[in-house]
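An overview of the molecular structure
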Amino acid sequence: RFYCKFVTANDVGLTNAHQEGLHIAISAWNIFFETEGLKGENKSKFVKIHIDAYYPFESRVIYYGRGTRNEYRITRFWSNSPYDKDQQVGNLIVFLPMSREDLKVYILDTEEEIENFTDHFSLNLLHNNAIYDGGRVLDIELSEKLEEEIEQAVLIFEDFPSTADMAAISRRIHREVYRRKPFTPDLKILEWVKTEYSTFKALERHLYQEYLTQPFGEVETLVEVANTILNRRKSRAGKSLEHHIDFLFSSFNIPFSHPGKSEGNKKPDFLLPGNNAYADMFYPSSNLIFLGSKTTCKDRWRQILNEANRIPEKHLLTLQQGISSNQLDEMAEEKVTLVVPKPYHSLYPEQYRDRLWTVEKFINFAEEKYARK
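Residues numbered from 1 in each chain as written. Predicted model: local features only at pLDDT ≥ 70, side-chain atom pairs only at ≥ 80, totals over all residues. Heavy atoms only, no water.

Structural notes on a negative patch on the surface
Among the surface-exposed residues, D109, E112, E113 and D299 lie close enough to one another that they form a single negatively charged patch. Among the structural elements, D299 can be located in the loop between β11 (289-294) and β12 (314-318). (Patch = residues over 30% accessible without salt bridge, like charges linked within 9 Å, V, L, I, M, F, W, Y side chains within 5 Å. Areas by Shrake-Rupley, 256 points an atom, 1.4 Å probe, with all protein chains shown as cover. Salt bridge = Lys/Arg side-chain N within 4 Å of Asp/Glu carboxyl O. Lys, Arg positive; Asp, Glu negative; His and termini not counted. Charge placed at Lys NZ, Arg CZ, Asp CG, Glu CD. Helix = DSSP H or I, 4+ residues; strand = E, 2+ residues; numbered from the N terminus.)

Written out as structure tokens, the structure reads:
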């Protein structure tokens, strides 16, 4: 059993909010307490935190239920831990209960570590928390209607669709359920990615049912199936965001190439208005737009810097939930503008939020530049 979340600006005191300590999702109460907190009452307990290569120290888990508050937090963590809290924004923190009074804590600070961890347990962190309990992932927030639609849809499949088809199927399912509900471009991206994750999980259960009910005869067969599952999870997760951006641009009639083609064999994620314009040296560079697409970009954002030399100012669309101040300063120096779905802006340090673009702002920027005269 464990609980994990991305460390946000609020968790380390970079939002000028009055709350103190790491925020914990209400649904994770049983990782930290024996009984759920009652509205109208506060309660707390002391726990011992265990971090590899560091001496155990005491923290306090608190439920605030009085007045308008209804939340859990862990205090006295940063002050007693070996971590520089300001540099932890965007890292993944994992709480593993060893007993009711002892918590093992890990902080994963590289994209490779985070992706390996989330892929292994097939975690969805779009709501910035995941609870893993006895092999079940308890982090999917779906309406019953959407869940029923997904379960019905996957029954027709005899094999996994391509990553592009999986993205399209998920958008169709989402549209069927929410056909009359308006969504901004920022919410569309998040909703599509969330629905695709849930669709993929349901399809996984459906297609691998026999492997879950029958024993493996040999270890090699078990390893082969496990590797197939993990590789497919990584492939889908890596392409998901790109497919949804592609569809979003098309729905707004924005001209683009995906993938792009720039110098040599370089393939930027998206070039606007397209590859032909980029290759035409008479086409004004000021009318070219580069957009990178990375689900997380803590480390790999630098990969985009030399992918389109004619475009010095680059945009990067990401689902990254918070980044440290140092990294944001480095991005600004390299003329990289982050495009982040609006609901995630609050997870970034307050003084840097005016640098962030919403998905809708990027769409408007592209529409204005390529509006038909």
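Quick word on the environment of D52
By the secondary structure assignment, D52 is in the loop between β3 (43-50) and β4 (57-64). Separated by 121 residues in the primary sequence, D52 and I173 place their C-alpha atoms 44 Å from one another.

What to know about the sheet that holds β11
One open sheet accounts for four strands, arranged β10-β11-β12-β13; its pairing is mixed. The open sheet has two free edges, formed respectively by β10 (270-272) and β13 (336-339), since each of these has just one partner strand. Here the strands of the sheet are splayed against their neighbours by 25° on average, with no regard to which way each runs. (Pairing = 2+ DSSP bridges. Axes fitted to C-alpha atoms, helices over the stretch in contact; angles between N-to-C directions.)

Observations concerning unusual backbone geometry
Cis geometry marks the peptide bond from H258 to P259, where omega comes out at 0°. Among the secondary structure elements, P259 is positioned in the loop between α7 (219-251) and β10. Following L272, the chain continues into P273 via a peptide bond in cis, with omega recorded as 5°. For P273, the position within the fold is in the loop between β10 and α8 (275-279). Of note, N128 is a non-glycine position whose phi angle comes to about 55°, a positive value. Secondary-structure assignment places N128 in the loop between α2 (111-121) and β8 (130-133). Residue N128 is classed as buried on the basis of its relative accessible area of 9%. Non-glycine residue N253 carries a positive phi angle of around 55°. Mapped onto the secondary structure, N253 falls in the loop between α7 and β10. Classification of N253 by relative accessible area gives exposed; the value is 69%. (Buried < 20%, exposed > 50% of the residue type's maximum accessible area, 1.4 Å probe, protein only.)

Some details on the pairing of strand β7 (residues 102-108)
Judged by how many residues are buried, β7 sits mostly within the fold: five of seven residues are covered. In this structure, β3 lies alongside β7, joined through three bridges in parallel fashion. From the neighbouring strand, I49 faces β7, where its bridge partner is L103. Of the strand pairs in this sheet, strand β6 (residues 92-97) and β7 are connected by six bridges, and their pairing is antiparallel. Bridge pairing in β7 links P97 to L103.

Here's the deal with a nonpolar patch on the surface
Side chains of Y211, F216 and L222 sit close together on the surface and give an oily, nonpolar patch of about 250 Å² of accessible area. The topology assignment puts L222 in helix α7. Judged by relative accessible area, which is 41%, L222 ranks as partly exposed.

Let's talk about the nonpolar core
In terms of nonpolar packing, the biggest core is built from 45 residues, with F249, L272 and L338 touching the most fellow members. When neighbours within four sequence positions are excluded, L338 is seen to be in contact with C297, L316, T318, I323, L328, M331, Y348, R355, L356 and W357. The next biggest cluster of nonpolar side chains, apart from the first, holds 29 residues, and it includes V47, F95, V105 and I107. (Core = buried A, V, L, I, M, F, W, Y, C linked by side-chain atoms within 4.5 Å. Contact = heavy atoms within 4.5 Å.)

Remarks on helix α10 (residues 359-369)
For α10, every residue scored as buried is listed here: V359, F362, I363 and A366. Across the axial projection of α10, the buried residues extend over an arc of 100°, all falling on one side. On its buried side, α10 packs onto α5 (185-207), α7, β10, β11, β12 and β13. (Arc of directions from axis to C-beta.)

Topic: the packing of helix α4 (residues 163-177) against α7
Packed helices, taken two at a time, are described by the angle between their axes plus the distance between the axes. At a closest axis distance of 9 Å, the pairing of α4 and α7 adopts a crossing angle of 60°. Looking at the two axes, α4 sits oblique to α7. Crossing geometry of α4 relative to α7 is assigned as right-handed. Contacts between α4 and α7 involve T163, A164, M166, A167 and R171 from the first element and S235, R236, K239, H243, H244 and F247 from the second. Tallied by class, residues from the contact of α4 with α7 come to four nonpolar, four polar and three charged. (Parallel < 35°, antiparallel > 145°, perpendicular 65-115°, else oblique. Left-handed = near helix turned anticlockwise from the far one by under 90°. Nonpolar A, V, L, I, M, F, W, Y, C, P; charged D, E, K, R; others polar.)

Let's talk about the packing of α2 against α7
It is at 9 Å that the axes of α2 and α7 come closest, and there the two elements cross at 120°. Between α2 and α7, the angle falls in the class oblique. Here the hand of the crossing between α2 and α7 comes out right-handed. Two secondary-structure elements touch here, α2 through N116, D119, H120 and F121 and α7 through L230, R233 and K234. A per-class count over the contact of α2 with α7 returns two nonpolar, two polar and three charged.

A short note on the pattern of salt bridges
Under the counting rule described, the total for this entry stands at twelve salt bridges. Between D133 and R1 there is a salt bridge, with the nearest N and O atoms lying 3.5 Å from each other. Residue D133 is found in strand β8, and its partner R1 is found in the segment before β1 (2-6); the two are separated by 132 residues along the sequence. Among the residues examined, D133 registers a relative accessible area of 18% and is labelled buried. With its nearest N and O atoms 2.6 Å apart, the salt bridge here joins D52 to K104. One end of the pair, D52, is in the loop between β3 and β4; the other, K104, is in strand β7, with 52 residues separating them in the sequence. Each of R69, E71 and R73 takes part in a single network of salt bridges with overlapping partners.

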